[in-house]
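Chain by chain, the residues:
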There are 2 protein chains.
Amino acid sequence: MTFSFEIAATQGSARTGAIHMPRGEIRTPAFMPVGTAATVKAMLPESVRETGADILLGNTYHLMLRPGAERIARLGGLHKFMGWERPILTDSGGFQVMSLSKLRKITDEGVRFQSHVDGAEEFLSPERAMEIQRLLGSDIQMVLDECPAFPATEAAIEKSLALSMRWAKRSKAAFGEQPGHACFGIVQGGIFPHLRARSAGELIEIGFDGYAVGGLAVGEPQVAMFETLDGIVPLLPTDRPRYLMGVGKPDDIVGAVMRGIDMFDCVLPTRSGRNGQAFTREGPLNLRNARFAEDPAPLDSGCRCPACRNFSRAYLHHVVKAKEIIASMLLTWHNLAFYQDLMAGLRGAIAEDRLEAFASLVFEAYARETVDDTADI
Amino acid sequence: MTFSFEIAATQGSARTGAIHMPRGEIRTPAFMPVGTAATVKAMLPESVRETGADILLGNTYHLMLRPGAERIARLGGLHKFMGWERPILTDSGGFQVMSLSKLRKITDEGVRFQSHVDGAEEFLSPERAMEIQRLLGSDIQMVLDECPAFPATEAAIEKSLALSMRWAKRSKAAFGEQPGHACFGIVQGGIFPHLRARSAGELIEIGFDGYAVGGLAVGEPQVAMFETLDGIVPLLPTDRPRYLMGVGKPDDIVGAVMRGIDMFDCVLPTRSGRNGQAFTREGPLNLRNARFAEDPAPLDSGCRCPACRNFSRAYLHHVVKAKEIIASMLLTWHNLAFYQDLMAGLRGAIAEDRLEAFASLVFEAYARETVDDTADI
């Protein structure tokens, strides 16, 4: 079996369907929990699966530095190493090189940087990024790109884009033929429509199994992100999956799905969980808030995760305040379950032609604000 | 149903059987995982049960300070609060007041101290210690005692013992009648046989459902602990459970079971797990050690816990080095499973009259040394 994408139903620009791969089916729209260093933080792989995840994201940058791609290959690949048998998408490391490492020197050849783990000098090129992903055994591999921070001038974005497109071509060549594995290109160009269009056109000419939108969710307002998607998505092939990288809050995801996006990844549910913040059907809650100290209600009465089934908000407040590991475990589990329920809700709504009603419930709970982290008495 | 203790088989001084309580049976010899602040650190309650635990220990000192005994009572008691329906034994808080709090002033009335959580002045008396345990809904409640540090002079131990015995009497009176719940006395007296004998005699005169041995595992050599047990156990009623508090390493437990102890608690499996240390059938292992970096073998081939079933030593090494939460989760689970397997092994060995052969295997793997934490390259 090779990589294929099937659309089962559409409503407006939104679509629902599935990606078929040898390691399993990925129901779309899909949310990919982030398993940076070969673990979705505070979760066992079987628990991640229990929340409904079909695919994880792994970070090339982190894994190349520790424990090392060659080491993971000798141990049988990333799936076996981390105990996750279903598909894994890996990024190319480009974004993390820019955000986490020091002493970066970018040339046409690639990027030279200093490891944030041990200070060693490291090098990443399109060819090495694809080699690492192949060594990991990644199912969906991303091209190496350069991702400038927001805001940036048009000239800076244009220069960066030209480099990213040359790297995309070399990445695809380095990916070569890997039956059952896929290679995705990444549309760059910031919030400049003509640059985004140029990027999409050049990537389509190279030809990829799927198309990601990069360089969003880097600080721009939601409206700018949605407008950018409105401009890009019509330029992308309808028969290939579209992946919005690093997004986002529940309302970001819903808005992007309505604009034709099929795949997402974000650290928000896991990172928020470790910080005592929960996504619920009523909206975001900060469990540190003293008003939960004697609240016997479950975190989210519509959820069936262990945090909601077996514990009260009062208990979660207690373990968050006491900095107990179980707080990270339970809130991460809940948040990932919430995100997977959100995606299942979106898939059902598109299939049954009621996406707008579903979306308005999510916007009502989430579009107002981010997690309330004011009161902490 | 009330509290009862049934001995099914004996071999020498060792015995195996069960404590019957309304919330469930406790197979003895039993190991109680420590759930200090209403959580066994890094474990979900259902996972603790999966390892084979019949009973947990909760810490009165921590729970009275946060979230507070009255609050837990209003929320339905400790079992409901922390999602553990089986028996819970609570200590009286005396040991932690001495080891964790500041500004202690001990009088006959009780002990005044400063909370290590928020600096507030707190007070614990025999009456308050028992009231807290009743508010928590504890199944097995411990008398308040004073536990002097090792080494201490005979005169200091004798003075402390006299206070502990007065407090034991008041604790028992405060416990009153609680059908289905039990109250245990604590034998003190350091390593002085005549003081231990005096303590045991006075406690038996008061009359308790079980008898604990306190003031051991506080720094004395193992041989002193075993000699003290040799002296005490014959003085205790054979038809009541005997509990050695805060013990210990696997070989400590085996030696104590051979001397007639029925119950244990210790933070060692959980705390070691969070520090990258594992108890295995081959002996202790420090997963930080570089020799595990590419070791594809399971942690302990004789174990069926998730850490051993689904991951390699190489993976555990990686997540320990990367300080990932899953390292604490997996190694805690494994260590608790190891301890419960040890207790099941002891119960089976006593029932089948082969305790010495079983014990010699454990001594061979564990009596040599503690966990090897030298090489960490």
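Residues numbered from 1 in each chain as written. Chains lettered and ligands numbered in written order. Predicted model: local features only at pLDDT ≥ 70, side-chain atom pairs only at ≥ 80, totals over all residues.

## As for the pairing of strand S7 (residues 102–106) of chain A
Residues and elements named next belong to chain A.
- Burial analysis of S7 places just 0 of its 5 residues in the buried class, which makes it a mostly uncovered element.
- The sheet contact formed by S7 and strand S8 (residues 111–114) spans 3 bridges and is antiparallel. Across the sheet, Lys-105 pairs through a bridge with Arg-112, a residue of S8.
- Between the antiparallel neighbours S7 and S8 lie 4 residues. (Buried ≥ 20, exposed ≤ 12 C-beta atoms within 10 Å, placed from the backbone. Helix = DSSP H or I, 4+ residues; strand = E, 2+ residues; numbered from the N terminus. Pairing = 2+ DSSP bridges.)

## Brief notes about the sheet that holds strand S14 (residues 263–265) of chain A
All names here are of chain A.
- Taken in spatial order, the 8 strands of this open sheet run S4-S14-S13-S12-S11-S10-S6-S5, and their pairing is parallel. Sheet topology places strand S4 (30–32) and strand S5 (56–58) at the edges, where each strand pairs with a single neighbour. The mean inter-strand angle of the sheet, taken between neighbouring strand axes irrespective of direction, is 25 degrees.
- Here S5 pairs with strand S6 (residues 88–90) via 3 bridges, running parallel. Considered in S6, the bridge of Gly-58 is made with Thr-90. (Axes fitted to C-alpha atoms, helices over the stretch in contact; angles between N-to-C directions.)

## Looking at the relation of the copies chain A and chain B
- Once chain A is rotated about the relating axis by 180 degrees and shifted along it by 0.0 Å, it coincides with chain B to within an RMSD of 0.0 Å. What the rotation and shift describe, once combined, is the action of a two-fold rotation axis. Relative to the rotation axis, the C-alpha of Ile-325 of chain A is the closest in chain A, positioned 3.9 Å from it. (Least-squares fit on C-alpha atoms with pLDDT ≥ 70 in both.)

## A short note on unusual backbone geometry
- In this model, Arg-66 of chain A is joined to Pro-67 of chain A through a cis peptide bond whose omega is 5 degrees.
- Positionally, Pro-67 of chain A belongs in the loop between helix H2 (60–65) and helix H3 (69–74).
- Along the chain, Val-247 of chain B connects to Gly-248 of chain B via a cis peptide bond; the corresponding omega equals 0 degrees.
- Positive phi values are uncommon outside glycine, yet Ala-38 of chain A reaches one of about 70 degrees.
- Note on placement: Ala-38 of chain A falls in the loop between S4 and helix H1 (45–50).
- Residue Ala-38 of chain A is classed as buried on the basis of its 26 C-beta neighbours within 10 Å.
- We note that Ala-42 of chain A has phi near 70 degrees; this positive angle belongs to a residue other than glycine.
- The topology assignment puts Ala-42 of chain A in the loop between S4 and H1.

## Things to note about the domain arrangement of chain A
Residue and element names in this part refer to chain A.
- Domain annotation of chain A identifies domain 1 (21–266) and domain 2 (278–366).
- Here the C-alpha centre of domain 2 lies 27 Å away from the C-alpha centre of domain 1.
- Elements represented by at least two residues in the side of domain 1 that touches domain 2 include exactly S4, H1 and helix H10 (250–258).
- Among the elements that make up the side of domain 1 that touches domain 2, the one with the highest residue count is H10 (6 residues). (Domains from an automatic or database assignment.)

## Observations regarding the environment of Leu-144 of chain A
Residue and element names in this part refer to chain A.
- Secondary-structure assignment places Leu-144 in the loop between strand S10 (140–142) and helix H7 (154–175).
- In this structure, the C-alpha to C-alpha distance between Leu-144 and Ile-186, residues 42 residues apart in sequence, is 8.5 Å.
- Every residue in contact with Leu-144, bar those within four places of it in the chain, is listed here: Ser-92, Gly-93, Gly-94, Leu-124, Pro-126, Ala-129, Trp-167 and Ser-171. (Contact = placed C-beta atoms within 7 Å.)

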